[in-house]
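What follows is each chain in one-letter form.
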Amino acid sequence: MSDDDVQRAADAIRRGEAVVYPTETVYGMGADATNADAVERVFDIKGRDRDKPLSAGFPDVDAALAHVVADEREETFMRRFLPGPVTVVVERRDSLPDALVAGKERVGVRVPDHELALDLFRAAGTPVTATSANRSGTGSITHPSQLSDEIRDAVAVVLDGGTTPGTESTVVDPGRGVVHRRGAMADDIEAWLDEHAADA
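Scope of this entry: the structure provided in the associated data block.

Reading guide: rules and limits
In every chain, residue numbers begin from 1 and rise along the written sequence. Reporting in this predicted model follows two pLDDT cut-offs: at least 70 for local features of residues, and 80 or more for side-chain atom pairs to be given and counted; totals over whole chains, interfaces and linings ignore these cut-offs and use all residues. Side-chain calculation: all heavy atoms of the structure are included, whereas hydrogens and water are not. Here a helix means four or more residues in a row that DSSP labels H or I, a strand means two or more in a row labelled E, and each is numbered from the N terminus. Residue burial is assigned from relative accessible area. The probe radius is 1.4 Å, only protein chains are included, and a residue is buried under 20% of its type maximum, exposed over 50%, and partly exposed in between. Definition of a polar contact: a pair of N or O atoms within 3.5 Å, with one able to donate and the other able to accept a hydrogen when the atoms are protein atoms, and with sequence-neighbouring residues admitted only if both atoms are side-chain atoms. Should any heavy atoms of two residues lie within 4.5 Å, those residues are counted as being in contact. A pairing counts as a salt bridge when a side-chain nitrogen of Lys or Arg comes within 4 Å of a carboxyl oxygen of Asp or Glu. Here, nonpolar core means buried Ala, Val, Leu, Ile, Met, Phe, Trp, Tyr and Cys residues that are tied together by side-chain atoms lying within 4.5 Å of each other. Taken from the helix axis, the directions to the C-beta atoms give the arc we talk about. Cavities and pockets were defined on a 1 Å grid built over protein atoms only: a cavity is a set of grid points that admits a 1.4 Å probe from which the probe cannot escape, a pocket is an open set flanked by protein on both sides within 12 Å along at least five of seven lines, and lining residues are those with an atom within 4 Å of any such point. Grid points are joined across faces, edges and corners, and a volume is the space filled by probe spheres set on the points. Throughout this entry, Asp, Glu, Lys and Arg are counted as charged residues, while Ala, Val, Leu, Ile, Met, Phe, Trp, Tyr, Cys and Pro are counted as nonpolar. The remaining residues, Gly among them, count as polar.

1. A closer look at the side chain of Thr170
Residue position: Thr170 is located in strand β9 (residues 170–173). Taking relative accessible area as the criterion, Thr170 reaches 0% and is therefore assigned buried. A polar contact of 2.7 Å, which involves the side chain of Thr170, links it to the backbone oxygen of Ala184. Setting aside residues up to four positions removed in sequence, Thr170 forms contacts with Pro85, Val86, Thr87, Val179, Arg181, Arg182, Gly183, Ala184, Met185, Ala186 and Ile189.

Below is the structure:
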């Protein structure tokens, strides 16, 4: 992957188009998470129910904190586990539209431990949707060769980072001490939540 490829993908995101990018879990589909029309396009491409929220990806925790509200416990958790295969559920700010989160007040934050994904997020300069690059109801994508024709035709750029591990991220709401989905690092995360339960 060249810098030019990353820049082309970043430019497409800024234009409101969708792209496919690798992470340390599976391949993701990225569009401008602050642009309701771009978010709607991701739902359309995936065939995803509008009542299932999308997560937002960021290059680092500080960038995420510009778009979410995190208390001390939540921020401590984010700085401990991000970047990493973890989706951290916290309160969103108004910069993230209702369409992204199905009208809910909380949003999943992803900071992937994957240099190509982080390069893309930095180059895009905006929060990027972090949802798997598959049609809803089908298996996750761990290599670009597995992309469906519909998705390949619908996105502007596919960033090829080779094969990804395929383990899903753990989805956790550290403020409420709830693990919504066990995935990568789930044991470490649950241990942290237990250890910090007295702080809640």
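Having seen the structure, we can now continue with the description.
2. Some words on the pattern of salt bridges
Taken as a whole and judged by the stated rule, the model has 18 salt bridges. Among the salt bridges present, the one from Arg92 reaches Glu105, with a minimum N-O distance of 3.7 Å. Here Arg92 is found in strand β5 (residues 86–92), whereas its partner Glu105 is found in the loop between α5 (98–101) and β6 (106–110), with 13 residues between them in sequence. Owing to a relative accessible area of 8%, Arg92 belongs among the buried residues under this scheme. Exposure remark for Glu105: the relative accessible area of 48% places this residue in the partly exposed category. The residue Asp187 makes a salt bridge to Arg182 at a minimum N-O spacing of 2.9 Å. Asp187 gets classed as exposed once you look at its relative accessible area, which sits at 55%. The structure contains a network of salt bridges with shared partners spanning Glu74, Arg106, Asp173 and Arg176.

3. Side note on the nonpolar core
Ranked by internal contacts, the top residues of the largest apolar core, which has 42 residues, are Phe77, Met78, Leu82, Val86, Leu100 and Val109. For this core, the secondary-structure elements that each account for two or more residues are α2 (36–46), α3 (61–65), α4 (72–81), β5, α5, β6 and α8 (186–195). When residues of this core are assigned to their parent elements, the largest contribution, 5 residues, is made by α2. Residues contacting Phe77, with those up to four places away along its chain left out, are Val86, Val88, Val172, Pro174, Ile189 and Trp192. Ala9, Ile13, Val19 and Leu120 belong to the second-largest nonpolar core, a separate cluster that totals 16 residues.

4. Examining α4
Taken together, the buried positions of α4 are Arg73, Glu74, Phe77, Met78 and Phe81. Take α4 and look down its axis: the buried residues cluster within an arc of 135°, on one side only. Where α4 is buried, its residues touch α3, β4 (68–69), β5, β6, β9 and α8.

5. Focus on the layout of surface pockets
Considered as a void within the structure, the largest pocket measures approximately 840 Å³ in volume. Residue lining of the largest pocket: 36 residues in total, with Arg48, Pro53, Ser55, Ala130 and Arg181 positioned closest to the centre. Elements with a minimum of two residues in the lining of the largest pocket: β5, β6, β7 (128–132), β9 and β10 (178–181). Among the elements that line the lining of the largest pocket, the one with the most residues is β6, at 4 residues. Counted by class, the lining of the largest pocket contains 12 nonpolar, 14 polar and 10 charged residues.

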